[in-house]
Amino acid sequence: MKLEQGLIYIKDVVGGSENAVKDGVLTVDVEGLKAHLLEDPKVKAVEVDFAKPGDHTRIVPVKDVIEPRFNFDRVNGFPGMTVKYNECGNGRVNVLRGAAVVTIGDAVGFQEGVIDMWGEGALWTPFSKTYNIVVDITPIDGVDPHEHETIVRMAGLRAGTYVGLAAENATVDEVKTWELGPMKEEAEKYPDLPKVAYVQMTISQGLLHDVYMYGVDVKEIIPTWFHPNEELDSAIVSGNCVAACDKITTYQHQTNPLTEDLYEQHGKTINYIGNILSPELTTLDGKFRNCDYTAKLCEQLGADGVIVSEEGYGNPDSDLVMICKRLETRGIKTALVTDECSGWDGTSQPLTDTAPEAVAVVSSGNVSKVVELEPADKVLGNLKAAETVAGGWAGCVGEDGSLKVELNAVIGATSEIGYHNASVKLY
Amino acid sequence: MVKEIERYGIPIVHMATITTISSSVGARRILPTVAIPYPTGNPNLPDVEEHDLRKSMVERAVNALATDIEETTEFEE
Amino acid sequence: MAKKVIYYLNQFFGGIGGEDMADFEPEYRAGEMVGPAMGINAASGDDCEGIGTIICGDNFFGTHEEEARAFIAKVIEEEQPDILVAGPAFNAGRYGFACAGACSVAHEAGIIPVSGMYEENPGLEHCQAFSWVAATANAAAQMRKAIPLMANLVKKLAAGEEVTPEEDSYFAQGRRETVLVEDRGSKRAVDMLLARLNDEEFVTELPMPSFDEVDPAPAIQDLSHATIALVTSGGIVPNGNPDRLQSASAQQWNKYDISSYDELKGDFYTVHGGFDPVYCNEDADRVLPLDALREMEKEGKIGKVYDLMYTTTGTGTAVANSIKFGEEIGKELKEAGVDGVLLTST
């Protein structure tokens, strides 16, 4: 497969009457965007705002983040989700790199996270560096929680595609090509390089804990191989609002850093043989089945080494170490990426499950680390929601608007696909 | 939590779905349950069957409390 | 202003005498840096000023611990040092234990404790978590190497500089601090795998934890007279969450009177943020099976359902917290004469 990304570097965002980019400034047709989202009869109201790096703006509660794009060679949008199925991963896509659609809005009582665009908070989220088009979505009254989640998720994706229309005719700053042929061909090209696969675990556990591939709810699938380009071309979508710190937003699927960094090594130090999606299920039988299946796929593909990334914490720690154990006993070397729950003071046990085979582990930070965030000049969304998100608590919002939360509550803070720079050091 | 309660000499059954975690962390009496969001239920079953399922799990759990064990034991059906 | 440093030594290093003087009662020598104290003081730079040495016999510390601790505490209170340096104790067990005690007094007084020990010194585990204990050799013959290590810690800690176990050769206190580093996580993972594939060295960022064990409690002899309690980490609370239990990373547990309920359905729900709550909210007995247990009570299969149920949220909750919750809840259950517990987890 060969995917060509035309990157358009965005350096500012403004409202206007069309979707366009000029000299790095993205113009968003705000009224058009609202009208577009309101076409869904289940959307009652839409608010649009901007948040830029350095602004003293706090966004809460954030649901998802989406990278705006325009696909030329397939139906434009998210195949299987917002548009009919088309294969992802080939052809040309233009990307508004540096811009992000951020959806907010209360749903189902709790969950979701915070993005601060400045100060201490900005250090802990990668989305303080993007120019954010913040879309607040209110569904019609009387929808049930599952429906509510769907409405907000779909509106976010559609907003991404709508804003992405600006990419169609924009001047491209850089073209990145992602190309990986069939395994047999690559192996002939690089016979001496070790074969490396990437196992991407995803939370697949029900409402607010789901992930979709081509619109398929992945908790219903058996672990599957897929081409790295498919994810880089929007085939995987987050329906997942577990802890904000380590859920993989749609944006992070679209730009999966492990995929990108493995690609970087392909043909040099490794022969990258593709990705495996491994859903984290809620039953023990399901976990055994998926972990066995994942290891079996890696073995049958001839992998010499595998990187395994987790999503979430708690019960998925069990999947992580089980997959690791199964790979290592098959003679496949692993490196794992996970975050940890070592308590406010960092002295607690970091994982809920353990395996002696897990000898090479990257820690993406302690989700329980507490950060104190000064009051914002402007809040997009509802500050009080911070008290009910994972990582917040009653009273964590100060009277002056300051915020004291665990990293748990900060979007992308401890990304287990390694999207951020957090790590843990032992003192 | 399970271990700390057991330290007081009170027998305790850990009713959990991911029993691999239970045994890793050191629970002694373990009763495997249905699924994480509904350990002692199953919304896919009709009410009566779901209730019978729960009753039988709880009876097994209680009987586990009355069973002397030497090592970590899973009380399966 | 220079930071004030006070030293603690045993009878041997304090120049009092050998084993025959091990019962030596503690004394404080103001303005005097004795033996190793002199060396550490000289090597810790101008910003640290030694102000005196406490000398105490090892046996005295072992047999009159309270008295020895009180003596050290009094000296600290009177002299107001910023740092206490104990040892180095190398692999001397009684000395190590005394150094750990001195460090613990210093820690309680809010000043910085520094020591030096061999890794197998039994005193280490009593002070490692809150002191900076330099890793020394096992015998005093290596004093020359120990002094600069301890002096380095004194100097840096006095200046408020960061120290790390690797750079500064001390036994890690076990605090896992989240930091921002140069490379993003994905790059670090790829590098780590490459190192493994090429049989090169690598350092894991997360050594696997180990869990301790507890003996199984004896079985209940007579279920028909037994009181059984319900405990859950599934975040089950009465509607409205009156005590505002957290949805994740719990800092508290709560207890609720369920004596008047035959089931939880309708009156309880979950605040747990780690799973799809819809099914539990339809019927909380799916997470905490009061209905079934109540039936067993009515059928006489058990004596009684304990009047209170205990609840917290398991997701992302630090193990240290869950240990604390377990201890507190277990204590209450023991005192209430509960015979057995069903604990459900999601």
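Everything below is about the structure printed above this text.
Conventions used here
- Residues numbered from 1 in each chain as written.
- Chains lettered and ligands numbered in written order.
- Predicted model: local features only at pLDDT ≥ 70, side-chain atom pairs only at ≥ 80, totals over all residues.
- Heavy atoms only, no water.
- Contact = heavy atoms within 4.5 Å.
- Salt bridge = Lys/Arg side-chain N within 4 Å of Asp/Glu carboxyl O.
- Polar contact = N/O pair within 3.5 Å; in protein donor to acceptor, adjacent residues only side chain to side chain.
- Helix = DSSP H or I, 4+ residues; strand = E, 2+ residues; numbered from the N terminus.
- Nonpolar A, V, L, I, M, F, W, Y, C, P; charged D, E, K, R; others polar.
- Pairing = 2+ DSSP bridges.
- Expected span 1.5 Å × (residues − 1).
- Buried < 20%, exposed > 50% of the residue type's maximum accessible area, 1.4 Å probe, protein only.
- Axes fitted to C-alpha atoms, helices over the stretch in contact; angles between N-to-C directions.
- Core = buried A, V, L, I, M, F, W, Y, C linked by side-chain atoms within 4.5 Å.
- Arc of directions from axis to C-beta.
- Buried area = accessible area lost by both parts, 1.4 Å probe.

**Q** I'm lost on the interface of chain A and chain C in this one. Help?
**A** Buried accessible area, meaning the area lost when the parts come together, often serves as the stated size of an interface. The interface is formed by 80 residues belonging to chain A together with 59 residues belonging to chain C. Put simply, chain A and chain C have seven salt bridges between them. Across the salt bridge formed by glutamate 387 of chain A and arginine 244 of chain C, the nearest N and O atoms sit 3.3 Å from each other. Where chain A meets chain C, there are 38 residue pairs in polar contact (both at pLDDT 80 or more). For the side of chain A that touches chain C, the secondary structure elements donating two or more residues are α2 (119-124), α3 (145-164), α7 (257-265), β19 (305-309), β20 (333-340), β21 (361-366) and β25 (422-426) of chain A. Class assignment of the residues belonging to the side of chain A that touches chain C gives a composition of 38 nonpolar, 31 polar and eleven charged. Both β25 of chain A and strand β7 (residues 176-180) of chain C contribute to a ladder of five bridges, which runs antiparallel. Note that in β7 of chain C the partner of valine 424 of chain A across the bridge is threonine 178 of chain C.

**Q** Mind showing me how you'd approach helix α9 (residues 315-329) of chain A here?
**A** Note that an α-helix has 3.6 residues per turn; residues three or four places apart therefore point the same way. The end-to-end C-alpha separation of α9 of chain A is 22 Å, in line with the 21 Å expected for 15 residues at 1.5 Å each. Immediately beyond the C-terminal end of α9 of chain A, within one or two residues, lies glycine 331 of chain A, with a positive phi of roughly 80°.

**Q** Please explain the side chain of histidine 266 of chain A as it appears in this structure.
**A** All names here are of chain A. With respect to the helices, strands and loops of the structure, histidine 266 is situated in the loop between α7 and β18 (271-280). With relative accessibility at 12%, the residue histidine 266 sits in the buried group. Sequence-distant contacts of histidine 266, that is, excluding residues within four places in its chain, are made with Leu180, Glu186, Tyr190, Asn271 and Tyr272.

**Q** What should I look at first to understand the sheet that holds strand β13 (residues 195-203) of chain A in this one?
**A** The strands that make up a sheet pair up through hydrogen bonds in the backbone, lying either parallel or antiparallel. The strand order across the open sheet formed by six strands is β16-β18-β13-β19-β20-β21 (chain A), and the pairing between neighbours is mixed. Looking along the sheet, the strands with just one partner apiece sit at the ends: β16 (224-226) and β21 of chain A. Pairwise comparison of adjacent strand axes, ignoring direction, gives a mean angle of 20° for this sheet. One ladder, built from nine bridges, connects β13 of chain A with β18 of chain A; its direction is parallel. When the bridges of β18 of chain A are listed, valine 196 of chain A appears paired with tyrosine 272 of chain A. Running at roughly 150° to β20 of chain A, helix α7 (residues 185-197) of chain C makes contact with β13, β19, β20 and β21 of chain A of the sheet.

**Q** I keep staring at the nonpolar core and nothing clicks. Help me out?
**A** In globular proteins that are soluble, nonpolar side chains generally tend to be buried together. Residues Tyr8, Ile72, Leu84 and Val85 of chain C are the most contacted members of the largest nonpolar core, which totals 58 residues. In contact with isoleucine 72 of chain C, not counting residues within four places along its chain, are Tyr8, Ile54, Phe61, Leu84, Ala102 and Val105 of chain C. Counting residues in hydrophobic clusters, the runner-up holds 41 residues, among them Met15 and Leu65 of chain B together with Leu264 and Ala284 of chain C.

**Q** So what exactly am I meant to see when it comes to helix α1 (residues 36-43) of chain C here?
**A** Residue and element names in this part refer to chain C. Those residues of α1 not exposed but buried are Pro36, Ala37 and Ile40. The buried residues of α1 occupy one face: seen down the axis, they fall within an arc of 100°. Those residues of α1 that are exposed and aimed more than 90 degrees away from the buried face are Met38 and Ala42. Here the buried face of α1 lies against β1 (3-10), β3 (48-56), β4 (83-90) and α5 (143-158). The positive-phi residue at the C-terminal boundary of α1 is glycine 45, with phi of around 85°.

**Q** Could you clarify how one ought to interpret the pattern of salt bridges in this entry?
**A** If the charged atoms of two oppositely charged side chains come close together, the side chains can form a pair. Tallied over the full model, the rule gives 61 salt bridges over all chains. Close ionic contact of glutamate 328 of chain A with arginine 196 of chain C constitutes a salt bridge, the shortest N to O distance being 2.7 Å. With one member in each of two chains, glutamate 328 of chain A in helix α9 and arginine 196 of chain C in helix α7 form a pair that bridges those chains. Considered together, glutamate 328 of chain A and arginine 196 of chain C belong to a single accessibility category, that of buried residues. Through salt bridges with shared partners, one network takes in Glu50 and Arg54 of chain B together with Glu282, Asp283, Arg286 and Asp291 of chain C.

**Q** Explain the interface of chain B and chain A here, please?
**A** In this complex, chain B contributes eleven residues to the contact, which on the side of chain A involves 14 residues. Across the chain B to chain A interface the summed buried area is about 840 Å²; carbon plus sulfur atoms make up 67%. Linking chain B to chain A there are zero salt bridges. Across the contact surface, chain B and chain A share three residue pairs in polar contact (both at pLDDT 80 or more). Taken together, the residues that form the side of chain B that touches chain A break down as seven nonpolar, four polar and no charged.

**Q** Just to check I follow, could you spell out the environment of glutamate 79 of chain C for this structure?
**A** Residue and element names in this part refer to chain C. Here glutamate 79 shows up in helix α3 (residues 65-79). Since its relative accessible area comes to 25%, glutamate 79 is described here as partly exposed. In sequence terms glutamate 79 and lysine 4 are 75 residues apart; their C-alpha atoms lie 8.8 Å from each other. Not counting residues up to four positions away in its chain, the partners in contact with glutamate 79 are Lys4, Ile6, Tyr28 and Ile51.

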